[in-house]
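Structural features, examined
What follows is each chain in one-letter form.
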Amino acid sequence: MSSILIVDDERDIRELIGDILRDEGFTVRLAANADECIAEINAEEPALMILDIWLKDSRMDGIDILKTVKRDNPDVPVVIISGHGNIEIAVAAIKQGAYDFIEKPFNIDQLMVVVLRAMETSRLRRENSDLRRRDVSSSEMLGQSPAYKVLKAQLEKVTKSNGRVMLTGPAGSGKEMAARFIHANSNRASAPFVSVSSATIEPERMEEVLFGRETSDRGIEKGLLEQAHGGVVYFDEVADMPLGTQSKILRVLVEQQFSRAGGADKVRVDLRVISSTTRDLRSEISAGRFRQELYDRLNVVPIPVPSLEDRREDIPHLTRHFVEMFHATQGLPLRDLSPEAEALLQTMQWPGNVRQLRNVIERVLILGDSNGPIEARELPGRDVATDGDGRLVLGGAMATLPLREARELFEKEYLLTQINRFGGNISRTANFVGMERSALHRKLKSLGVVTTAKLGGRTARLEDDEDDDEGGED
Ligand SMILES: Nc1ncnc2c1ncn2[C@@H]1O[C@H](COP(=O)(O)OP(=O)(O)OP(=O)(O)O)[C@@H](O)[C@H]1O
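Residues numbered from 1 in each chain as written. Predicted model: local features only at pLDDT ≥ 70, side-chain atom pairs only at ≥ 80, totals over all residues.

Remarks on the overall build of the protein
Helix and strand counts for the protein stand at 19 helices and 16 strands. Burial status across the protein gives 31% buried among its 474 residues. Of the contacts formed within the protein by residues at least 6 apart in sequence, a portion of 71% connects residues at least 24 apart. (Helix = DSSP H or I, 4+ residues; strand = E, 2+ residues; numbered from the N terminus. Buried ≥ 20, exposed ≤ 12 C-beta atoms within 10 Å, placed from the backbone. Contact = placed C-beta atoms within 7 Å.)

The structure is reproduced here in structure tokens:
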């Protein structure tokens, strides 16, 4: 059986985890720093790596080791150990491809749940590595909700032009997918699509990575911009780009040319630029972190990508798509969705958007022990506002409000969620919530929800399916 590699500079922790896993029947190898870790991987690829993100006395820190492993051994799942309160680093590690993280101090049960799940993923990945190369998901942009149809119509319009597009929207909502859609449907489709993720490039290496370099011994090494020549360069989260690089990119956009590091000649490139951001670039500009001139150049056609919560109607379709995809690529069971599970998926919170939905489905399929429909109890409970006994769990502001305001807040959130789930269709919403349509209209009005409602930054489009006069009912 293949082994688990534990990388931690603290000997006690390394050995403790090693002992626990050995007791559970795993073969274990230990490494104290980057060099030992790389040597172990080169000797034999482990089935799983458990990596402390803070490594003292090591040539590379945990994130660098993670990047190297994801580049050279992409099939090895990496579970990160992070110190208490380092959630941001753990999230960054997940973005870099870590499988999951455990926070110190952890107990044996928590460790084992994560390890068993990761080992199962590892096994399936190996078994299906050929199939997996076929990326079923690459081009299908799924969504029929009103919000997604607006997005697709906007994307269609820009495919034929060369205009610079700025995609805005929360993490995991599908911005890169939208950028790839533009590329695939444009006259640049046969030329490269090159994605530049500033967050994953060391600031000091940024320019070399983007512009390439020329040295006497190695000759010309092309940077990402040159590699994208004729095609599309996608700046993923432009707000992460260091200010110095922003100025240089601005110059490239103006002059359409640049020099490689250490090179004298100008390199001309023909590029279409698409950028994305999850942040409000105007406040980044006010805070002096983003250059106004670059913003003006990149933001020629701004296109918002809706959050998953703004298109709850699409959730069942996306879920079935992911089930089929994991079946085709990883051999996971092809399971239906029970009506309760569907309703839960459509009403829960999705801060991580489509990516989170995809991960939830993958986990359910890996952990599930039946081939029957996916049930609500298999879905993550922490996003649901009821505890195991069905009691409502109050949190945040809700718990501090007088009853009347708390009730209104609940009613607003509940009704908006349902309306979104039914794509803005009032009759279907009324039917589900058990109210007369006219009574629902009155309720919405009294709660201050209007035809295009904006509440807490979220919008609900209300679509009336019958000739209805909202105003006439009051
Ligand atoms: N409409 C869709 N249909 C099918 N899959 C989708 C759709 N939108 C997003 N996905 C999937 O969701 C995941 C996240 O999408 P993507 O990377 O495009 O999001 P993003 O907004 O660029 O994320 P980030 O801001 O974190 O870079 C990907 O696996 C993608 O394939």
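Comments concerning the sheet that holds strand S3 (residues 48-52)
Read from one edge of the open sheet, five strands run S2-S1-S3-S4-S5, paired in parallel fashion. Of all the strands in the sheet, the pair left with one neighbour each is strand S2 (28-31) and strand S5 (100-103). The sheet shows a mean angle of 20° between the axes of neighbouring strands, direction not considered. Most of the contacts of helix H3 (residues 62-72) go to S3, to which it runs at about 160°, and overall it touches strand S1 (4-7), S3 and strand S4 (78-82). (Pairing = 2+ DSSP bridges. Axes fitted to C-alpha atoms, helices over the stretch in contact; angles between N-to-C directions.)

Comments concerning the sheet that holds strand S14 (residues 301-304)
In space, the five strands of this open sheet follow the order S7-S10-S13-S6-S14, with parallel pairing throughout. Looking at the sheet topology across the chains shown, the edges are occupied by strand S7 (193-197) and S14. The mean angle between the axes of side-by-side strands here comes to 20°, regardless of whether they run parallel or antiparallel. Of the strand pairs in this sheet, strand S6 (residues 165-168) and strand S13 (residues 272-277) are connected by four bridges, and their pairing is parallel. Paired with threonine 168 across the bridge in S13 is threonine 277. Of the strands in this sheet, S6, S7, strand S10 (232-236) and S13 touch helix H8 (residues 175-184), which is tilted by about 165° from S13.

Quick notes on the site of the ligand
In the vicinity of the ligand lie 20 residues, with Gly174, Lys175, Glu176, Met177 and Val354 positioned nearest. Elements that contribute at least two residues to the shell around the ligand include exactly H8 and helix H16 (353-367). For the shell around the ligand, the residue count by class is six nonpolar, eight polar and six charged. Per-domain counts for the shell around the ligand show at least three residues from each of domain 2 (146-304) and domain 3 (309-378). (Near = placed C-beta within 6 Å. Nonpolar A, V, L, I, M, F, W, Y, C, P; charged D, E, K, R; others polar. Domains from an automatic or database assignment.)

Points about the confidence of the model for the protein
On average, the protein scores 83 in pLDDT, and the residues at 70 or more come to 86%. The low-confidence segment residues 129-138, where pLDDT is below 50, has eleven contacts with residues more than four positions distant or belonging to other chains. For the stretch residues 463-474, pLDDT sits under 50, and the model shows 14 contacts to residues farther than four places along the chain or on other chains. With a pTM of 0.62, the predicted complex shows an ipTM of 0.98. (pLDDT = per-residue confidence, 0-100.)

With respect to the environment of histidine 321
By secondary structure assignment, the location of histidine 321 is in helix H14 (residues 315-330). Residues histidine 321 and glutamate 140, 181 residues apart in the sequence, show an inter-C-alpha distance of 9.6 Å.

Observations regarding unusual backbone geometry
Phi is positive for glutamate 237, which is not a glycine, with a value near 50°. Mapped onto the elements, glutamate 237 comes out in the loop between S10 and helix H11 (243-255). Take glutamate 237: there are 19 C-beta atoms within 10 Å of it, and that puts it in the partly exposed class. In the Ramachandran plot, glutamine 256 falls in the positive-phi region, its phi being about 60° despite a non-glycine side chain. Tracing the backbone through its elements, the reader meets glutamine 256 in the loop between H11 and strand S11 (257-259).

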